[in-house]
Structures are given as structure tokens and as C-alpha cells.
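# Observations on the model geometry
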Amino acid sequence: MRHLLSARDLDHAAAVHVLDTAEAMAATQARTLKKLPTLRGRTVVNLFFEDSTRTRISFEAAAKRLSADVINFSAKGSSVSKGESLKDTAQTLQAMGVDGVVIRHQASGAPYRLAHSGWIDVPVLNAGDGTHQHPTQALLDAFTLRRHLHAAGAAGSVPAPEGSDLGGASVVIVGDVLHSRVARSNVELLTTLGARVTLVAPPTLLPVGMEAWPCTVRHDLDEAIAVDRPDAIMMLRVQRERMSFAGGGFFPSPPEYHRRYGLDGARLRALPEHAIVMHPGPMNRGLEISAEAADSPRSTIVEQVANGVSVRMAVLYLLLAGDQNEGTGL
Ligand code: ASP
């Protein structure tokens, strides 16, 4: 595999290989000296056309811990705001001799264009495109979930999953599925890894054509908690910037949304005892998730951020160092 554009790029073996490599990376991050020489002399560009906090910093930390040089590009303050096209930007980067491009773009499909246009001839990593895909988020979520399932299995709270995947775990993903690249990538990756996924949302926040997705769809969160008995509940951000006006007509009001689809204290207590609470960030506290749930001991939200660095180190290593180290590539 040359690029990572979609969670669909990873079959079961490749996904497990990334997670196992990320575990090896995580082990190195417990040391005082966190830097590995693996990508010394290589240059990675973070090409961010859309705002980001966690993902950009995480990719930067990951590349630096592998000793790559990192160039951060954000559309604001660059010639993109003067109207420069993706093609010209890509050709500029190629001319400067970069070895890998991490791209976030507001247009779904932009990373595919970059990877397959011939404008640039290096691995492309999708860091989130429009409402389409966010594969490294799904990988870090799967990594976090796998760790917790194995810990719960070892503690005897659930039957230990066999093998190195998610072994039939139940995951409930709740909220603004319509605008969520995180939901799309997670449905694909988590099911590839053997999990059962249920999406919960109001009908207005579900995309058309969902019948083809390998998951169950419900509109009632309390029913999902009672019936699906999730090992993990993943709350999605209500993406108000992708709605034409606040609320966008997608739901009656923020309090109403919170009442029907928010993770509050009562729902938190209704979850199975070992279940974890996930959110990709940034959170709308009080809307899709209460402070009580976000800050509870079962919340893995901060841990997901830490795991993101190990997972991105793994992906950068597998895609960029693959040609040097035979057999490590995807
Ligand atoms: N940070 C995630 C993303 O970029 C989730 C979100 O923004 O709601 O897709």
C-alpha cells in the first residue's frame, strides 16, 4: 500500500499490523528519550486546508519522534488564500523535495486527487477530508478499544477476545453521523476488525444510502444502550460549522438534542460496567456529552489523543520507511 486514504484501504491483516506496530511505537514512548532515528533525513509536510488542533499536532509529534523534518502548512496565511490551487501547491511541495504529505481538506476526495493526480509522487496520508474519511482517527479509536477490551478480558469483566482484533465487541456510535468522517471511517475499520457497530442518530443526521453500511441503525439511544450493551460508546461532535445555520434545522434545539442524544449521567450509569466513553474531540460539552461523562473515569478521550501519536508514528513508519526496510510496509 502506497497511501492511506480511507479505512477501506486496510484489510484485516493490514489493520492488525498497524495496531501491532502502534503498540511497538507506544512502548518506545514510555522511555525518557522518545526519539527514534527511523525517518532521519526525510521530510513530511502537514498540509492543512481545514482547522485542526489534535490531528495536526499529533502528526507533527509523530513525525518528529521518528526524526523526520516537518513542514507545517496551513491554508490561512498561505498563497491558497490568494487562490492558489491544490495542483500548484502540490507541485511546489514536490519541487521542494518532500517525502510524504499529510493532508486535511474541507473537500471530500481531495487526498485521492493528490495521491492519484501525478502532481506529486510521494505517500499521501488522509488526515480528514470533508465529511468523507479520517482513517487515522479510526485506527487510534480501534487501538484504544483493543487495549481496553484486552484489559477487561484479563480482569475477567468480559470474555477475553481471542486473537488480535476486536473479537465481536459492541460499539455504539452516536450523533451527527451525516457530517462525520470519523463515523464513516470507524464503521469500516471496526467492522473489518470484527466489531459490531450500531449507529444512533435522529433521521435528519443520517446520510442517504446507509443501507449499504455494515452496521445497525437506531434512533433511540436508550434502546441502543439496553439492547446492544456496548463495550464502547463513541459520541460524535455536532458539526455546526457544516450546518448552514446554528442547529441547521437538523434538530429542534440544543437542549432537545441533549435530552434525546446526549450522554448524560443517567445514560452513563446505564452502560455496562466495563464500557468506555469515547469522543474524537473537539467536544461540545453539554450538547452531545455532559461534563460528567466527559470527565468520568471511563472516559478515554485524553487517552485517545495520546494513542493518536503512536498510531500516526506507525502509519508514517509503515508508509515512509517501507521501501528502506523490506517487509515493514503495508
Ligand atoms: N476532529 C474530528 C475530525 O476532524 C472530529 C470532529 O471534528 O468532530 O473529523
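Preceding this section is the structure that the text describes.
Residues numbered from 1 in each chain as written. Predicted model: local features only at pLDDT ≥ 70, side-chain atom pairs only at ≥ 80, totals over all residues. Heavy atoms only, no water.

## What to know about the nonpolar core
The biggest cluster of nonpolar side chains holds 65 residues, and the ones touching the most others in it are L139, L189, L199 and L316. Here this core takes 10 residues from helix 11 (residues 301-320), the largest share from any one element. What L189 contacts, discounting residues up to four positions off in sequence, is A7, L10, A15, A138, L139 and A142. Membership of the second largest hydrophobic core comes to 25 residues, among which are L221, L263, L268 and V277. (Core = buried A, V, L, I, M, F, W, Y, C linked by side-chain atoms within 4.5 Å. Buried < 20%, exposed > 50% of the residue type's maximum accessible area, 1.4 Å probe, protein only. Helix = DSSP H or I, 4+ residues; strand = E, 2+ residues; numbered from the N terminus. Contact = heavy atoms within 4.5 Å.)

## So, the site of the ligand
R104, H134, R181, V182, R237, Q239, P280, G281 and P282 make up every residue found near the ligand. R181 is positioned such that a nitrogen or oxygen atom in its side chain is 2.8 Å from an oxygen atom of the ligand. With respect to the ligand, the backbone of G281 contributes an N or O atom lying 2.9 Å from a nitrogen atom. Isolated, the ligand exposes 260 Å² of accessible area, and the fraction of that covered by the protein chains is 92%. For the shell around the ligand, the per-class residue count stands at 3 nonpolar, 3 polar and 3 charged. (Near = heavy atom within 4 Å. Polar contact = N/O pair within 3.5 Å; in protein donor to acceptor, adjacent residues only side chain to side chain. Areas by Shrake-Rupley, 256 points an atom, 1.4 Å probe, with all protein chains shown as cover. Nonpolar A, V, L, I, M, F, W, Y, C, P; charged D, E, K, R; others polar.)

## Quick look at the side chain of T136
Residue position: T136 is located in helix 5 (residues 135-155). Each residue touching T136, except ones within four places of it in the same chain, is listed here: L4, F59, N126, V311, R312 and V315.

## Side note on the sheet that holds strand 3 (residues 100-105)
Pairing in this open sheet of 4 strands is parallel, and the strands run 2-1-3-4 from one edge to the other. Of all the strands in the sheet, just strand 2 (69-74) and strand 4 (124-129) have a single pairing partner and so form its edges. Each strand of the sheet is rotated relative to its neighbour by a mean of 15°, with strand direction disregarded. The sheet contact formed by strand 3 and strand 4 spans 4 bridges and is parallel. Opposite I103, over in strand 4, you have N126 as the bridge partner. The sheet contacts of helix 11 involve strand 1 (43-48), strand 3 and strand 4, and relative to strand 4 the element is tilted by about 145°. (Pairing = 2+ DSSP bridges. Axes fitted to C-alpha atoms, helices over the stretch in contact; angles between N-to-C directions.)

## Re the layout of surface pockets
The volume enclosed by the largest pocket comes to roughly 550 Å³. The leading source of residues in the lining of the largest pocket is helix 11, at 5 residues. A breakdown of the residues in the lining of the largest pocket according to their chemical character gives 9 nonpolar, 11 polar and 9 charged. In this structure, the second largest pocket occupies an estimated 150 Å³ of space. Lining the second largest pocket are F48, F49, E50, D51, S52, R56, S74, A75 and K76. Looking at the lining of the second largest pocket residue by residue, the classes come out as 3 nonpolar, 2 polar and 4 charged. (1 Å grid on protein atoms, 1.4 Å probe; cavity = no way out; pocket = protein on both sides within 12 Å on 5 of 7 lines; lining within 4 Å. Points joined across faces, edges and corners; volume = space filled by probe spheres on them.)

## Examining the pattern of salt bridges
This structure, assessed with the given rule, holds 15 salt bridges. R181 is the salt-bridge partner of E50, the closest N and O atoms lying 2.9 Å from each other. With a gap of 131 residues between them, E50 in the loop between strand 1 and helix 2 (54-65) and R181 in helix 6 (residues 181-192) connect regions that are remote in the sequence. Here R269 makes a salt bridge to E292, at a shortest N to O gap of 2.8 Å. Highlighted residues: R269 in helix 9 (residues 265-270) and E292 in helix 10 (residues 291-294), separated in sequence by 23 residues. A relative accessible area of 42% means that E292 is categorised as partly exposed. Connected via shared salt-bridge partners are E50, R181 and R242. (Salt bridge = Lys/Arg side-chain N within 4 Å of Asp/Glu carboxyl O.)

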